[in-house]
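Per-entry structural report
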Amino acid sequence: MGEAGEAVRSEARGEYGGLIPVRPATSKLVVCLRGHRLDLDLYDKLKPYSHRYRLHGTLCEVCRAQEACEPAARRLTEWAHLDVTVQHPTGTAPGNGLVLVAHPPAAGTLAGRIELRLDGTLVGAVTASLCAGCRTATLDYVHVAAEYRRLGFGRTLVAAAVARAPSYRWTAPLPDGPVAQSFRARMAMRRPGQRCVHAGAVDSPR
Ligand SMILES: [Zn+2]
Ligand SMILES: [Zn+2]
């Protein structure tokens, strides 16, 4: 295995400050991150609290036993839940833990931005253009800082964007590069069709 393999394995050992994965909070939590059923009362349900993120989470006992036997396995036993409908206005966001901060579109544009911050540090962001006239939305851009990837931050940001207009028809362009395309291909979103007429109207005064 080359350097890439080494990097994957050192990440799997949790050398990123013990950060656990994050998922958008959902009431219908049925399986763990490895697909083990959580709804059959096979094991006690543990509800850990992440002091790092200041978020509640879930722990899978099956994964815990499996990872104890396989130290090189990715750490998926425990994950934290972030309520993506809680998006703080900039300036009033808590300075500790993992939080979403929303910047509404600037005057004359349709593109809003949502940031993910850990202890006040920007770790990821998503920009999306929403049109109330067409009831459509386009996910323009998702970015997660390199040292915070493979933790679910990207999909949490996408869920935060969609939570702003869940009834809209969402689209997303095809990004460059295999990593971005792998992420993109997991989203149930078509590519954008023709440009929205309202976006043109907004742009024209410039
Ligand atoms: Zn599990
Ligand atoms: Zn429109």
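Residues numbered from 1 in each chain as written. Chains lettered and ligands numbered in written order. Predicted model: local features only at pLDDT ≥ 70, side-chain atom pairs only at ≥ 80, totals over all residues.

Labelled according to an unreviewed UniProt entry, the protein chain appears under the name GNAT family N-acetyltransferase, originating from Amycolatopsis balhimycina DSM 5908.

Further remarks concern the sheet that holds strand 8 (residues 121-131). Two orientations exist for strands paired in a sheet by backbone hydrogen bonds: parallel and antiparallel. The 6 strands lie next to each other as 5-6-7-8-9-10, forming an open sheet whose pairing is mixed. Strands at the two margins of the open sheet, each flanked by one partner only, are strand 5 (88-89) and strand 10 (169-171). The pairing of strand 6 (residues 98-103) with strand 7 (residues 111-118) spans 6 bridges and is classified as antiparallel. Within strand 7, the residue paired with Leu-100 across the bridge is Leu-116. (Pairing = 2+ DSSP bridges. Helix = DSSP H or I, 4+ residues; strand = E, 2+ residues; numbered from the N terminus.)

Following the sequence through the fold, Leu-42 ends up in the loop between strand 1 (22-24) and strand 2 (49-50). Spatially, the C-alpha atom of Leu-42 lies 9.5 Å from that of Val-62, the residues being 20 residues apart in sequence.

Bridge count between strand 7 and strand 8: 8 bridges; the pairing is antiparallel. Bridge pairing in strand 8 places Gly-112 opposite Ala-128. The hairpin turn running from strand 7 into strand 8, its antiparallel successor, is 2 residues long, and Asp-119 in that turn takes a positive phi close to 50°. Pairing of strand 8 with strand 9 (residues 136-144), which is carried by 8 bridges, proceeds in the antiparallel orientation. Following the sheet pairing, Gly-124 is matched in strand 9 by Val-144.

Turning next to unusual backbone geometry. At Arg-54, a residue that is not glycine, the phi angle is positive and equals roughly 60°. Inspection of the secondary structure assignment puts Arg-54 in the loop between strand 2 and strand 3 (55-59).

Membership of the largest hydrophobic core comes to 33 residues, with the highest contact counts inside it found for Val-126, Leu-157 and Ala-161. Only strand 4 (78-82), strand 6, strand 7, strand 8, strand 9 and helix 3 (153-163) provide two or more residues apiece to this core. Per-element accounting of this core gives the leading share, 7 residues, to helix 3. When residues of this core are assigned to domains, at least three fall in each of domain 1 (1-82) and domain 2 (84-206). Beyond its immediate chain neighbours, meaning those up to four positions away, Leu-157 contacts Ile-114, Leu-116, Gly-124, Ala-125, Val-126 and Val-142. (Core = buried A, V, L, I, M, F, W, Y, C linked by C-beta atoms within 7 Å. Buried ≥ 20, exposed ≤ 12 C-beta atoms within 10 Å, placed from the backbone. Domains from an automatic or database assignment. Contact = placed C-beta atoms within 7 Å.)

It is worth spelling out the environment of Arg-113 at this point. Here Arg-113 is to be found in strand 7. The class of Arg-113 is partly exposed, set by 18 C-beta atoms lying within 10 Å. Measuring from C-alpha to C-alpha, the distance between Arg-113 and Thr-127 comes to 4.3 Å, with 14 residues separating the pair along the chain. If we ignore the near neighbours within four places in the chain, the residues touching Arg-113 are His-103, Ala-125 and Thr-127.

The next point concerns the confidence of the model for the protein chain. Counting all residues, the mean pLDDT for the protein chain is 86, and 88% of those residues have values of 70 or more. Scored below 50 in pLDDT, residues 1-16 makes 11 contacts in the model with residues more than four places away or belonging to other chains. (pLDDT = per-residue confidence, 0-100.)

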